[in-house]
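Structural characterization, general
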Amino acid sequence: MAAGRAAEAGARVLLLEKMGRVGIKLALTGKGRCNLTNSGELQDFIESYRHNGKFLYNVFSRFFNDDLIAFFKERGLSTVEERGRRIFPASQRSQDVVQVLRDFISSHGVRVLIHTPGRGIVVDGGRAVGVRTDSGIFHGRRLILATGGASYPQTGSSGEGFRMAERLGHTLQPIRPSLVPLEIEEPDVRDLQGLALKKVRVTLRAGGRKAGEEFGEMLFTHFGVSGPIILTLSGDAVDQIGRQKVELSIDFKPALSGEQVEARLIREFHAHQRKQISTILTHLLPHRLVPIFLRRAEISADLKGTGVQSAERKRLGRLLKDWRLTVSRPRPLEEAIVTAGGVSVNEIHPLTMESKKIKGLHFCGEMIDVDGKTGGYNLQAAFSTGWVAGEAAAKES
Ligand SMILES: Cc1cc2nc3c(=O)[nH]c(=O)nc-3n(C[C@H](O)[C@H](O)[C@H](O)COP(=O)(O)OP(=O)(O)OC[C@H]3O[C@@H](n4cnc5c(N)ncnc54)[C@H](O)[C@@H]3O)c2cc1C
């Protein structure tokens with residue numbers, strides 16, 4: 001987007017791409033469907049970034065979700081809106097999004113050199129004047145660093161841009177995973193691998209205090225938990241791990257109060273007095289969860305409905321509303337959907353994306369210390385900052 005916009009605005013543009021083709025990560029997004037933006041209002045957007053959403057006010061005033069949707073529509077790619085105001089290409093193919101951008105750059109004469117990793121930025125008199133590569137230095141009046149984050153390195157974004165920026169004296173906010181699955185300490189969770197839960201409420205607790213809450217779907221894996229609501233909570237979990245105890249509390253019955261759950265258990269045990277408790281609980285829980293629940297509540301699986309004591313029932317009721325899992329660590333950065341941290345927004349001019357430290361150097365995309373939740377916010381930030389950086393680089397060169 002940055003290269004295309006710069007060329008459209010009149011600059012002669014050379015795009016250096018490390019991999020064999022551009023847009024590899026973009027083609028993977030949204031499970032191959034590319035959730036390219038969200039139709040939410042500006043304020044919803046600003047609040048959907050965990051860090052520095054406000055930095056994007058200026059950027060979004062120049063190029064926002066409606067501009068992005070129009071950009072693709074004008075180039076023959078219409079979009080559809082799905083649950084959560086998520087916008088996808090109507091074709092449901094992320095490859096079509098990549099193709100529009102490829103056509104955009106080629107129609108404006110951007111020259112692309114593939115298999116050409118930038119190794120460093122050449123600075124002269126406080127001004128970026130070129131990029132060092134294995135085949136020599138490419139000179140230019142303006143340089144846009146758009147090397148992405150450090151997750152999914154097989155797509156090409158492996159964090160080299162961060163190191164280049166740091167070597168030039170920029171402050172990097174710590175690079176860490178966000179939108180990432182979480183590993184769970186309790187070993188019994190491994191027995192649940194593949195189990196998906198719908199309509200549950202998960203509360204993130206750090207040092208015993210509530211640090212976030214989401215309602216929706218989650219998934220158990222061989223190492224712990226994943227799925228939409230876990231990914232959304234993960235960034236805040238990552239920020240707390242190592243500082244204090246981080247737990248997830250799962251509420252399996254978010255529509256019922258604690259008393260209502262208790263009343264429901266009383267009804268169930270009364271109605272099925274001769275059945276085993278393990279069978280009765282399948283009316284309230286996925287059957288794979290039942291043995292773990294009974295173990296945690298210290299109740300024998302062959303106890304009959306009639307034999308359940310009030311204290312046992314209360315323990316079960318509490319577990320249904322507040323089943324605790326201890327988060328040990330996030331999955332590694334390589335497995336994260338986005339990278340949190342990056343070049344500090346305090347060192348980037350919000351109207352041009354130009355570095356405040358090195359003249360002629362602009363930043364865009366995941367390089368910048370902005371990370372959003374799922375729903376199209378990360379790509380919109382990348383497209384918008386790219387657009388603004390490209391335009392400013394063309395105008396000021
Ligand atoms: C599996 C997955 C699914 C996702 N789904 C969504 C989604 O549906 N919606 C959403 O909003 N976000 C999604 N994201 C996040 C989104 O893809 C990123 O935030 C976005 O791609 C960042 O764009 P970028 O241009 O900054 O970086 P990237 O897309 O990572 O592009 C960086 C480019 O720079 C190149 N490069 C790196 N280093 C060098 C170098 N030294 N020299 C030359 N070239 C270099 C790379 O090869 C790459 O082509 C997803 C991410 C993943 C991993």
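As a starting point, this report considers the structure included with it. Numbers given to residues run from 1 along each chain, matching the order in which its sequence is written. pLDDT decides what is reported in this predicted model: residues at 70 or higher carry local features, side-chain atom pairs at 80 or more are listed and counted, and totals for whole chains, interfaces and linings draw on all residues regardless. Hydrogen atoms and water are omitted, and side-chain values are computed over all heavy atoms in the structure.

Of the regular secondary structure elements, the chain holds 13 helices and 20 strands. Counting only C-alpha atoms and orienting by the principal axes, one finds that the chain spans roughly 80 × 45 × 35 Å. Here the chain, with 397 residues, has 53% of them falling under the buried criterion. Contacts between residues were defined by any pair of non-hydrogen atoms, one from each residue, lying within 4.5 Å. If you take every contact in the chain between residues at least 6 apart in sequence, the share linking residues at least 24 apart comes to 73%. When the accessible area of the chain is evaluated, it comes to approximately 18100 Å², of which 49% is carbon and sulfur surface. When charges are tallied, Lys and Arg are placed among the positive residues and Asp and Glu among the negative ones, while His and the ends of the chain are skipped. To locate a charge, take NZ of a lysine, CZ of an arginine, CG of an aspartate or CD of a glutamate. Across the chain, the centroid of the 57 positively charged side chains sits 1 Å from that of the 44 negatively charged ones. Counting from the N terminus, the helices are DSSP H or I runs at least four residues long and the strands are E runs at least two residues long. Under the scheme applied here, a residue whose accessible area is under 20% of the maximum for its type counts as buried, over 50% as exposed, and between as partly exposed, the area being computed with a 1.4 Å probe on protein chains only. Under the convention used here, a 1.4 Å probe and the Shrake-Rupley method define accessible areas, while residue burial counts only the protein chains that appear.

Another aspect to go through is the sheet that holds strand 8 (residues 127–133). The antiparallel open sheet is built from 3 strands, whose spatial order is 7-8-9. Two strands close off the open sheet at either side, each with one partner strand: strand 7 (120–124) and strand 9 (136–139). With direction set aside, neighbouring strand axes in the sheet form an average angle of 35 degrees. Whether two strands pair depends on DSSP finding at least two bridges between them. Relative to strand 8, strand 7 is paired through 5 bridges, and the arrangement is antiparallel. Following the sheet pairing, valine 123 is matched in strand 8 by alanine 128. Where helices are involved, their axes are fitted lines through C-alpha atoms of the stretch in contact, as for all axes, and angles between N-to-C directions lie from 0 to 180°.

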